Amino acid sequence: MERKRIKITQGKCSGCRLCLQICAIAHYHETNPKKAALRIEAHFPQPGIFKPKVCVQCGKCMEVCPEGAISRRDDGAYIVDFEKCTNCGTCIPACKPGVIFQHRDLDHVIICDNCFRCTDLCNTGAITMFIQPAKESA
């Protein structure tokens, strides 16, 4: 089965952070980039070098969650069950790209759910959607 994924093209990010804003607006109805499920790293002192970081949908978070609060949807995205999540943070160090977050206003962790709103709004092409081909059976 083909799956939609988020692709990062290094060197195209302008650091505008519109992706962070739309993520927070879409999920929490507020303009608070600290509630976004992705991050933009600024590489100073190199001016203009920004590196978006997004979930690669590896599933390590689900493997380590002691509450079984993280599951995989049919489209391959990992999602958090807010009712089950205790915000213990066990999944955070398991995330190699470092894109699982806690926020003091929330009782659950923040993980990208592949809504693709960031890809819709990115005007530089740094964050795009692509179709991952189905893996062939051996």
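Our subject is the structure listed above.
Quick summary incoming for the structure in this document. Every chain is numbered on its own, with residues counted from 1 as its sequence reads. Confidence filtering applies because this is a predicted model: local features only for residues at pLDDT of at least 70, side-chain atom pairs given and counted only at 80 or more, and all residues used for totals across whole chains, interfaces and linings. Side-chain figures throughout are based on the complete set of non-hydrogen atoms in the structure, without hydrogens or water.

**Quick look at the environment of Cys55**
Next, step 1: Going along the chain from the N terminus, every DSSP run of H or I of four or more residues is numbered as a helix, and every run of E of two or more is numbered as a strand. Considering the arrangement of structural elements, one finds Cys55 in the loop between β3 (50-53) and α2 (60-64).
Next, step 2: Along the primary structure Cys55 and Ala37 are separated by 18 residues, whereas in three dimensions their C-alpha atoms are 8.0 Å apart.
Next, step 3: Pairs of residues are marked as contacts when any of their non-hydrogen atoms sit within 4.5 Å. Apart from the residues lying within four places of it in its own chain, the contact partners of Cys55 are Val99 and Cys112.

**Section: the packing of aromatic side chains**
Next, step 1: For Phe, Tyr and Trp, rings pair up if their centres lie within 6.5 Å, where Trp contributes its six-membered ring, and each pair is then called stacked (planes under 30 degrees apart), edge-to-face (over 60) or tilted (otherwise). A full pass over the atoms with the stated rule returns 0 aromatic pairs.
Next, step 2: It is Arg39 that lies over the ring of Phe101; its NZ or CZ is 3.7 Å from the centre. By the criterion adopted, a ring carries a charge over it if an Arg CZ or a Lys NZ lies within 6 Å of its centre and within 35 degrees of its normal.

**Focus: the environment of His103**
Next, step 1: Note on placement: His103 falls in the loop between α3 (91-94) and α4 (117-121).
Next, step 2: A 1.4 Å probe rolled over the protein chains alone gives each residue an accessible area, and that area as a share of the maximum for its type sets the label: buried under 20%, exposed over 50%, partly exposed in between. Judged by its relative accessible area of 10%, His103 falls in the buried class.
Next, step 3: Between the C-alpha atoms of His103 and Gln21, which are 82 residues apart in sequence, the distance is 15 Å.

**Topic: the layout of surface pockets**
Next, step 1: Quantified by volume, the largest pocket comes out at close to 270 Å³.
Next, step 2: What lines the largest pocket is a set of 22 residues, and nearest its centre among them are His27, Ala37, Ile111, Cys112 and Asp113.
Next, step 3: Going through the elements one at a time, α1 (18-28), β5 (78-80) and α4 are the ones with two or more residues in the lining of the largest pocket.
Next, step 4: In the cavity and pocket records, a cavity denotes points on a 1 Å grid over the protein atoms alone where a 1.4 Å probe fits but cannot get out, a pocket denotes an open set with protein on both sides within 12 Å along at least 5 of 7 lines, and lining residues are residues with an atom within 4 Å of a point. Grid points are joined across faces, edges and corners, and a volume is the space filled by probe spheres set on the points. Each pocket or cavity is described by its volume, and for the second largest pocket that value is around 210 Å³.
Next, step 5: Lining the second largest pocket we find 15 residues, and of these Ile6, Ile8, Val54, Cys55 and Val56 sit closest to its centre.
Next, step 6: Contributions of two or more residues to the lining of the second largest pocket are made by β1 (3-8), β3 and β6 (127-132).

**Some remarks on the pairing of β3**
Look at any regular strand and the pattern is simple: side chains alternate between the two faces of the sheet.
Next, step 1: Judged by which residues are buried, β3 turns out to be one-sided: Phe50 and Pro52 face inward and are buried, whereas Lys51 and Lys53, on the alternate face, are not.
Next, step 2: Of the strand pairs in this sheet, strand β2 (residues 39-42) and β3 are connected by 4 bridges, and their pairing is antiparallel. Counted as the bridge partner of Glu41 is Lys51 from β3. For two strands to pair, DSSP has to find at least two bridges joining them.

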